[in-house]
Amino acid sequence: MTDLSLSAAPATAAIADHRQSRRVWPKVWSILRHVLLLSLVVVTLYPVLWMVVSSLRPEGYIFNNPSLILDTFEVSNYTHGWTALGAPFSLYLTNSAIIVLGAVVGNLITCAMAAYAFARLKFRFQRPAFATMLLTIMLPFHVVVVPQYILFAQLDLINTFVPLILPKFLATDAFFIFLMMQFLRGLPKELDEAARIDGAGHFRIFGQILLPLMTPALATTAIFTFLWVWNDFFTQLIYLTDPNLYTVPVALRSFIDAQSKSSYGAMFAMSVVSVLPMLLIFTFGQKYLIRGIATTGGK
């Protein structure tokens, strides 16, 4: 019995050590994973944080100090940047808001109707039309810039907001059509059949039955449209040449002049101001955005 007890003791200790190591290693890997993710977050957010800190530094110290520690608190960049372009920066915020509002409304209406047509209706040449719609997603935007510009120039619509808003009312964003169509395919068709038995037509089925259920997809479309249009620089630079019609991205570019002194402090300050609407939209719409992406394509 004594020999058996002595031989069993090392085995029991080895088993205990093995069980303890199995409990310790997952904790170690969890800590390392969190440290790695935190490091990536810091690296990702560093440019944004440096922009915020630089907006509160004097003009001559912005590029001399790459740290995030704020030695001085200079608010003159905000007061100077608000009126540095000859007009209050609220004018450019208003111009961007008008374009963004029109783009969001246009995408929500027309993309949802197009998605309903592809997901619920049967019509001639439906598959070729759907394939063509998908091909437009892979088509680079720069390919259609020149034809669109010539078209709007012939219609005498250059230097207006129409070229930036009108295409959204023609369901030109195929990505959102595909997103909403996949969401609609996840809704049971029995809802349509029950409404049709009660005498409802396509517009009533779409407007009263399916559209309220599409809230996550609609919110996702609205948020992405807001972010993309608000940050759009290339298209707005092409169509808008009047300084009074400048949007926020074009106005921020005006702070930098290759032939004279550039005002980086004011530009960073107004960049912080321009980021606030996007931050608010993402903060309040985050749950709808996640729900819309998570449920898109689900059955």
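Heads up: these notes are all about the structure in this document. Everything numeric in this text was worked out from a predicted model, so none of it was measured.

**Overview of the side chain of D173**
Now for step 1: Checked against the element boundaries, D173 lands in the loop between α6 (162-165) and α7 (174-185).
Now for step 2: For D173, a relative accessible area of 18% corresponds to the buried category.
Now for step 3: At 2.8 Å, the side chain of D173 forms a polar contact with the side chain of N107.
Now for step 4: Non-local contacts of D173, meaning those with residues more than four positions away in its chain, are made with N107, C111 and K168.

**A closer look at the packing of helix α8 (residues 190-197) against helix α9 (residues 202-210)**
Now for step 1: Axis separation between α8 and α9 bottoms out at 10 Å; the angle between their running directions is 125 degrees. When the interaxial angle is binned, α8 and α9 end up oblique. The handedness of the crossing between α8 and α9 comes out as right-handed. Counted together, L191, D192, A195 and R196 of α8 and H202, I205, I209 and L210 of α9 form the full contact between these two elements.
Now for step 2: Grouping the constituent residues of the contact of α8 with α9 by class yields 5 nonpolar, 1 polar and 2 charged.

**Focus: the packing of aromatic side chains**
For any two aromatic rings, the description comes down to two numbers: the centre-to-centre distance and the angle of the planes.
Now for step 1: A complete count under the given rule lists 16 aromatic pairs for this structure.
Now for step 2: Of note, R185 hangs over the ring of F130, and the distance from its end group to the ring centre comes to 5.9 Å.

**Description of the pattern of salt bridges**
Now for step 1: All told, the structure shown has 2 salt bridges when counted by the stated rule.
Now for step 2: Between R120 and D192 there is a salt bridge, with the nearest N and O atoms lying 2.8 Å from each other. Here the residue R120 occupies a position in helix α3 (residues 89-120), and D192 occupies one in helix α8, the gap between them amounting to 72 residues.

**Digging into the environment of A112**
Now for step 1: Tracing the backbone shows A112 in helix α3.
Now for step 2: Sequence spacing of A112 and F178 is 66 residues, and the spatial spacing of their C-alpha atoms is 9.6 Å.
Now for step 3: Setting aside residues no more than four positions away along its own chain, A112 makes contact with N107, M180, F206, L211, M214 and L218.

**Some points on the nonpolar core**
Now for step 1: By size, the foremost hydrophobic cluster in this structure holds 37 residues, and its most contacted members are F89, Y92, I99, W230, V248, F255 and M270.
Now for step 2: At the level of secondary structure, the elements contributing two or more residues to this core comprise α1 (2-54), α3, α6, α10 (215-230), α12 (248-253) and α13 (264-295).
Now for step 3: Among the elements that line this core, the one with the most residues is α13, at 8 residues.
Now for step 4: Excluding residues within four positions of it along the chain, W230 makes contact with L93, S96, A97, V100, V248, P249, S274, P277 and M278.
Now for step 5: Grouped together as the second largest cluster of nonpolar side chains are 26 residues, A119, I177, M181 and F206 included.

Criteria and cut-off values
- Residues numbered from 1 in each chain as written.
- Predicted model: local features only at pLDDT ≥ 70, side-chain atom pairs only at ≥ 80, totals over all residues.
- Heavy atoms only, no water.
- Helix = DSSP H or I, 4+ residues; strand = E, 2+ residues; numbered from the N terminus.
- Buried < 20%, exposed > 50% of the residue type's maximum accessible area, 1.4 Å probe, protein only.
- Polar contact = N/O pair within 3.5 Å; in protein donor to acceptor, adjacent residues only side chain to side chain.
- Contact = heavy atoms within 4.5 Å.
- Axes fitted to C-alpha atoms, helices over the stretch in contact; angles between N-to-C directions.
- Parallel < 35°, antiparallel > 145°, perpendicular 65-115°, else oblique.
- Left-handed = near helix turned anticlockwise from the far one by under 90°.
- Nonpolar A, V, L, I, M, F, W, Y, C, P; charged D, E, K, R; others polar.
- Phe/Tyr/Trp six-rings, centres within 6.5 Å; stacked < 30°, edge-to-face > 60°.
- Lys NZ or Arg CZ within 6 Å of the ring centre and 35° of its normal.
- Salt bridge = Lys/Arg side-chain N within 4 Å of Asp/Glu carboxyl O.
- Core = buried A, V, L, I, M, F, W, Y, C linked by side-chain atoms within 4.5 Å.

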